[in-house]
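Structure at a glance
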Amino acid sequence: MLIKPSRTRIDMFWGYAAQGLNIGAGFLLLPLLAKHLTPDDVGLWFVFVTLASLAQLLEFGFQPTLARNVAYVYAGAATLSKTGLPSQIESDSSLNLALFVDLIGAARRIYRYVAIAATAVLFGAGSWYVCTLLTPSQSVRSSLLAWCAFAAGYVLNFYFGYLNGLLQGRGDVSIANKVIVASRCIFLLLGWIGLSLDWGLPALGLASLLSAFFGRWLAWRGLHADSHPEMQKLSGMVPRSSLVGLLWHNASRMGSVQLGAFLIQRASVLLASSFLGLAAAASYGMTMTILMTLTTVGTVVIQISVPRLSALQVQGNRRNELAEKYGEVLLVSWGVYVACALGLYFIAPPLLLAINANTGLLPSGLLALACCIFALELNHSIAATYLTTANRVPFVAAALISGVCIVGLGALLVRPWGVEGLLLAQGIVQLLYNNWKWPLEALRHLDRSLGEVLRAGWVGFRREAQHQQVK
């Protein structure tokens, strides 16, 4: 059974829409947040988002690991391996239903445990931390109500998180992205209504919970669509053996990487809130949210391409196609990020000023520095994602060490230099290793220079354009 094409116009559209809205929903609400909430409540909202990202670490990278192994199964794998590519492939590249059932059973079991752990962390430690940050002007009851509704939505997403991994792995990237788009649009609509009615933070918490219910229902329907009769054949089949250990091997490594990513990109928001106060952290949190949105949008193409790249890795001797696909990813991602960053720098500040927002972005100099730091983050994240399609996660130690160093250096610099110290900590540590190491490793794996990869990507673009014209 073949994996669907990884980069069509419709996939690109839904990919950009989904990834933009996945993090960007908060970005699109920023004008209303800045206008209808106090700086303290804006800062608290970014703490909510950061705590949810911290809880996301409990997922331990299972979703990309699951998606990658599902792609191997749909490409004809008869067995799965902890490391490296599958050693046995079905002669007719057909779907091994028994192996697929084992994979789904392991995924359900894993996400059940993840949801239980997330409940304990979010409602326990998370609630305590939120209470420690509240100022005298904020209502404890209202703030906790908003937090509990927000946290409940995330627990629901954790419990059914395996649905997205299955959709992405079998090549239904557009369906997975449509689910995200629909869910985030519901959040935006309900959040906009609630803020406009001056319901404050509880409106955002309730919007998050209701959108999570809607999104999980859509994902279930998409997974069991009539166009996939193999899902009907699974009814009544029982897993033969547990693949939890196999998934855990690389998922635990990806989870460690996600912990490093949290320390690198998001822990600074908690440092700013703790050392500078909620109001002072609001501008920093707003800027970081927007830039993380831009980098997420920049990684859309590589995320869409993962099933196809994984299938090419399994099939072997496909270096030319791999190089072409990777080149296309780099060209599109770089172009999208640069265009969005320029828009952020020149358009966003006067827009916030025009609506008399209570909270603005960082000053222009710091904003430019942050844009450059996140551009380098985007570049090495793309390379790292490519390396995982060969079922290798070689950057675990680097991510963890870098994250710890950034938090440590940031804690030292935040008091004397404020926000500038937090940005410098991230930029300096990443330049020392990750920014150059993983792009270089990706090129070595492809056995191509950067120029050759980009030329191959450009050739792929031209071929696709000609193909579309013929259609």
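Residues numbered from 1 in each chain as written. Predicted model: local features only at pLDDT ≥ 70, side-chain atom pairs only at ≥ 80, totals over all residues. Heavy atoms only, no water.

**Re the pattern of salt bridges**
This is how the line gets drawn: A side-chain nitrogen of Lys or Arg and a carboxyl oxygen of Asp or Glu constitute a salt bridge if their distance falls within 4 Å. By the criteria applied, helices consist of DSSP H or I runs no shorter than four residues and strands consist of E runs no shorter than two, each listed in order from the N terminus. A 1.4 Å probe rolled over the protein chains alone gives each residue an accessible area, and that area as a share of the maximum for its type sets the label: buried under 20%, exposed over 50%, partly exposed in between.
Summed over all chains, the structure comprises three salt bridges. One salt bridge in this structure joins Lys325 and Glu328, with 3.7 Å as the shortest N-O distance. Separated by three residues within a single helix, Lys325 and Glu328 lie in helix H15 (residues 319-354), roughly one turn from each other. In terms of burial, Lys325 and Glu328 fall into one category: buried.

**Some words on the packing of H15 against helix H19 (residues 434-446)**
As a reminder, the rule being used: Angles here are taken between N-to-C directions and fall from 0 to 180 degrees, while the axes themselves are lines fitted to C-alpha atoms, restricted in helices to the stretch in contact. Working rule for angles: under 35 degrees goes down as roughly parallel, over 145 as roughly antiparallel, 65 to 115 as roughly perpendicular, anything else as oblique. Residue contacts are counted whenever heavy atoms from the two residues lie within 4.5 Å of one another. Gly is placed with the polar residues, together with every amino acid not listed as nonpolar (Ala, Val, Leu, Ile, Met, Phe, Trp, Tyr, Cys and Pro) or charged (Asp, Glu, Lys and Arg).
Between H15 and H19, the least distance of the axes is 10 Å, while the angle of their chain directions is 150°. In terms of their interaxial angle, H15 and H19 are classed as roughly antiparallel. Touching Arg319, Leu322, Ala323 and Tyr326 of H15 are Ala442, His445 and Leu446, all from H19. For the contact of H15 with H19, the class distribution of residues is five nonpolar, one polar and one charged.

**Details of helix H17 (residues 396-417)**
Here is the rule: Here, expected helix span is obtained from the residue count minus one, scaled by 1.5 Å. The angle separating two fitted axes, one through the seven residues that finish at a residue and one through the seven that start at it, defines the bend at that residue.
Spanning 22 residues, H17 covers 30 Å between terminal C-alpha atoms, matching the ideal 32 Å at 1.5 Å per step. Along H17, the sharpest change in direction is near 30° and occurs at Ala411. All of the buried residues along H17 are Val396, Ala398, Ala399, Ser402, Gly403, Ile406, Gly410, Leu413 and Val414. Backbone geometry just downstream of H17 places Gly418 in the positive-phi region, at approximately 65°.

**Let's talk about the environment of Ser183**
Just so we agree on the cut-off: Any N or O atom pair separated by 3.5 Å or less is treated as a polar contact, with the protein-specific requirement of one donor-capable and one acceptor-capable atom, and with residues adjacent in sequence counted only for side-chain atom pairs.
Its location among the elements puts Ser183 in helix H8 (residues 173-196). We classify Ser183 as buried; its relative accessible area is 11%. Discounting chain neighbours no more than four positions away, the residues touching Ser183 are Ser211, Ala212 and Gly215. At a separation of 3.0 Å, a polar atom in the side chain of Ser183 contacts the main-chain carbonyl oxygen of Ser211.

**A word on the packing of H8 against helix H9 (residues 201-223)**
Selection rule: Should the near helix be turned anticlockwise from the far one by less than a right angle, the crossing is termed left-handed; should it be turned clockwise, right-handed.
Closest axis-to-axis distance for the H8/H9 pair is 8 Å, and the angle between their directions is 155°. Considering the angle they form, H8 stands roughly antiparallel to H9. The interaxial crossing formed by H8 with H9 has right-handed handedness. Here the contact of H8 with H9 is built from residues that sort into 15 nonpolar, seven polar and two charged.

**So, the environment of Gly255**
In this fold, Gly255 is placed in helix H11 (residues 244-265). We classify Gly255 as buried; its relative accessible area is 3%. Sequence separation of Gly255 and Phe62 is 193 residues, and the distance between their C-alpha atoms is 7.6 Å.

**A closer look at the state of the cysteines**
Rules: Note on disulfides: each one is a pair of cysteine sulfur atoms within 2.5 Å.
Across all of its chains, the model carries zero disulfides by this definition. With no disulfide partner, Cys371 has as its closest neighbouring cysteine sulfur the one in Cys372, 6.9 Å distant. Under the relative-accessibility criterion, Cys371 is labelled buried at 9%.

**Considerations on the confidence of the model for the chain**
Cut-off, in case you're wondering: Confidence scores labelled pLDDT are given residue by residue by the predictor and lie between 0 and 100.
Mean pLDDT over the chain works out to 82, with 89% of the residues at or above the 70 mark. Averaged pLDDT values over the elements of the chain bottom out at 65 in helix H1 (residues 9-28) and peak at 94 in H19.

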